[in-house]
Amino acid sequence: MQNVQRIVIVDFGAQYTQLIARRVREAKVFCEVIPYTSTLEEIRSRECVGIILSGGPASVLDEDAPRIDPGVYELGVPVLGICYGMQLTAYTLGGTVERAAQREYGRVPVTFDTRSPLFAGMKGESIAWMSHTYHVTKAPEGFTSIAHSGNCAFCAMANPEKRIYAVQFHPEVTHSEEGQKVLSNFLYNVCGCTGDWTMSAFIENAVAAIRAQVGPQGKVLLGLSGGVDSSVAAALISRAIGERLTCVYVDHGFMRKNETESVREVFTKQFPVNLVIVDAKDRFLGKLSGVSDPETKRKLIGGEFVYCFADEANRLQGIEFLAQGTIYPDVIESGSVKGSAVIKSHHNVGGLPADVKAKFTGGLVEPIRMLFKDEVRKVGEELGMPRDMVWRQPFPGPGLAIRIMGDITEDKLETVRESDAILREEVALAGLDRDINQYFTVLTNTRTVGVMGDERTHDFVLAIRAVTTDDFMTVDWARLPYELLAKVSARIVNEVPRVNRVVYDITTKPPATVEWE
Ligand code: XMP
C-alpha cells in the first residue's frame, strides 16, 4: 500500500491479533500483521509509523518463547506492547516478569494516569479486559507505571522519551470500555497518524497497483462466484484495466433464485465486463445424481468446478493472470502470517490445482488481499455497486446442494430454492437483512403427515436457519420475530410444493454448525 501511513502488528500467536488489526483500521489507519519471526530488516523496510506487539499464549520465561530483536525498540518508531507484548518488552529491556499468584481473567477495574498521551481524554477509572497468568513486577529502566488495578501495579507502563508503551489488558476487545480510545490515542497522540486510510485512498492505490502488475497489455481471468469478495475484486480490476479482464461464472445449478440473472445484470449493465457464464447445470446434476453423503457432494462439486474453470481457461487464449477475491482473514489464517503449512484454498476458484494455476504465467492478482470483509463492503459501496450485492450474506461454494439433505433432484432443488427466496424476501421486508448475518432454508429428508383442505398429505419437513455472528466461528440463532416466522411458514407451505411442515433451528454453533451438511 503506497502513500499511506502504516502500522506494523507483530503477531505472537494471540487469538485477538486479527481484532487488533481491525480496530486499527477502524481508526482509519492502515496496518499489516506480520509473524514474530520477521527480521528487524523486514520490519524496518516497511517504513511504519508505529509497531504493535500482540499478545500470545507463551510465557516469556520459557526458554523457547517467541522473542523479538531488541533493535525494534531502537528504530525510533513508537512501540505498543499488548499483554504478551508488554511482558516481552519488560523482559527484553531488563524489567522483571513473574508468574502471578492467580491468573487474572475477565473484566477488571483499572485506574489510568490520564496525563499520559496513551490515556488522554479517558475517565481515569474504567473496566479493562484481562487474560494473563504472568505479569510485570518491575519495569525496565526509564519506564514508569501509568495504570494499576487492585492486584496489578503495572497494568500499563511507559517510557515516553523513547515512545515505548505497553498495556497488560486487551484494548482491542469491546469488553475494555475505553479500549478503542487507548488504541486511537496510541495511533494519533503517540505515532502522529493522520487517519489517511480511507476506502477512496485504497481504491486509488489498488487501481495503480493492478495496472503496474498487469502492464499495458496483460489480460486477467477472474473466477466470479457472485459473492461480495470476487464481485468487488472484479469491479476494481475492471476499473484498472477495463476490457482486459474476463470473468468466468460457473452456474452449477445449485445457485439461489435469480442469482445468475443478478450476476449477469450487474456485470453486463452496471459494471460491464467480459463475462462468460458457463451453464454447467446438467453436468453437475448428472454427477451428483444419487449421491447423498455430504463430503462426497462437496468433493464432486469442487472437482467438477475445477474442470469447468480449466476448460474455460483453455478456451480463452492469451490470458496470463489469474485473479482471486482473497481477503485479509484468508491471508492471516493461511501460512503467510502464522508460519504454518496450512494454506487455505479460496472457494472462488475452488482450490485450483497447481497445473491449472501454472497456466497463468503472470501469476495471481489479488487486489483485496489486505482488506477485511467490512472494508471490502465499503469499497463496493464506494465503487457504486448495488447495495444487495455489497451486503449479501455468505453463500457456500457447493450452494443449495448441501441444503438438501440426502440425494439431490430437480424437484428438491426447486423446493429449497423457492422457500429460500420467500425467506429472503420476508427478512428484507421486515428490514432485518443487515442484522441477521446468514439465513436460509434447509430441505430435510423427513416426511410427515399433514392435512391440506380435506386431503391428507405426506410431505417434507423444511427448516429455517437464521444466525447472528461476528466471524462465523461461533454463532447464535437469530431471535426472529414470531410474526415474521409465522408469515414465512404460512407462505412456504402455501406456495412451495412438497412441504407440509416448517420448523425453526434454535441451535448455536458450537455444537451445531451453520449449514446442516
Ligand atoms: P459452518 O457450516 O461450517 O459454516 O458452520 C460456516 C460458514 O461457512 C460457510 N460454508 C461454506 N462455504 N464452502 C464454502 O464456500 C463450503 O463447503 C462451506 N460450508 C460452510 C457457511 O455458509 C457459513 O457461512
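My aim in this report is to walk through the structure given alongside it, one point at a time. Everything numeric here is computed off the predicted structure, so don't read it as measured data. (Residues numbered from 1 in each chain as written. Predicted model: local features only at pLDDT ≥ 70, side-chain atom pairs only at ≥ 80, totals over all residues. Heavy atoms only, no water.)

## Regarding the pairing of strand 2 (residues 30-35)
- Among the six residues that make up strand 2, six are buried, leaving the element largely enclosed by the rest of the structure.
- Of the two faces of strand 2, the one lined by Phe30, Glu32 and Ile34 and the one lined by Cys31, Val33 and Pro35 are each fully buried.
- Bridge analysis of strand 1 (residues 6-11) against strand 2 gives six bridges, and the strand direction is parallel. In the sheet register, Val8 faces strand 2, and the bridge partner there is Glu32.
- A crossover links strand 1 with its parallel partner strand 2, the connecting element being helix 1 (residues 17-26), and its sense is right-handed. (Buried < 20%, exposed > 50% of the residue type's maximum accessible area, 1.4 Å probe, protein only. Helix = DSSP H or I, 4+ residues; strand = E, 2+ residues; numbered from the N terminus. Pairing = 2+ DSSP bridges. Right-handed = clockwise from strand over helix to strand, strands pointing away.)

## A look at the pairing of strand 11 (residues 245-251)
- Counting buried residues along strand 11, seven of its seven residues qualify, which places the element largely inside the surrounding structure.
- With burial as the criterion, each face of strand 11 is covered, one bearing Leu245, Cys247, Tyr249 and Asp251 and the other bearing Thr246, Val248 and Val250.
- Handedness of the β-α-β unit built from strand 10 (residues 220-223), helix 6 (residues 228-241) and strand 11 comes out right-handed.
- Inspection of the sheet shows strand 11 paired to strand 12 (residues 274-279) by six bridges, in the parallel sense. What sits directly across from Asp251, in strand 12, is Asp279.
- As for the winding sense of the linkage, the β-α-β connection from strand 11 through helix 7 (residues 259-270) to strand 12 is right-handed.

## A look at the sheet that holds strand 9 (residues 164-167)
- Read from one edge of the open sheet, nine strands run 2-1-3-4-9-8-7-5-6, paired in mixed fashion. Strand pairing shows two members of the sheet lacking a second neighbour, strand 2 and strand 6 (125-138), which therefore form its edges. The average angle at which neighbouring strand axes cross in this sheet is 25°, direction not considered.
- Bridge analysis of strand 4 (residues 79-82) against strand 9 gives four bridges, and the strand direction is parallel. Paired with Gly81 across the strands is Ala166, a residue of strand 9.
- Relative to the sheet, helix 4 (residues 179-190) contacts strand 1, strand 3 (50-53), strand 4 and strand 9, its axis offset from that of strand 4 by approximately 170°. (Axes fitted to C-alpha atoms, helices over the stretch in contact; angles between N-to-C directions. Contact = heavy atoms within 4.5 Å.)

## Considering the state of the cysteines
- Inspection of the entire model under this criterion finds zero disulfides.
- Take Cys31: it sits in no disulfide, and the sulfur closest to it among the cysteines is that of Cys193, at 10 Å.
- In this structure Cys308 is not part of a disulfide, and its nearest cysteine sulfur, from Cys247, lies 17 Å away. (Disulfide = S-S within 2.5 Å.)

Shape descriptors only; they carry no functional weight alone.
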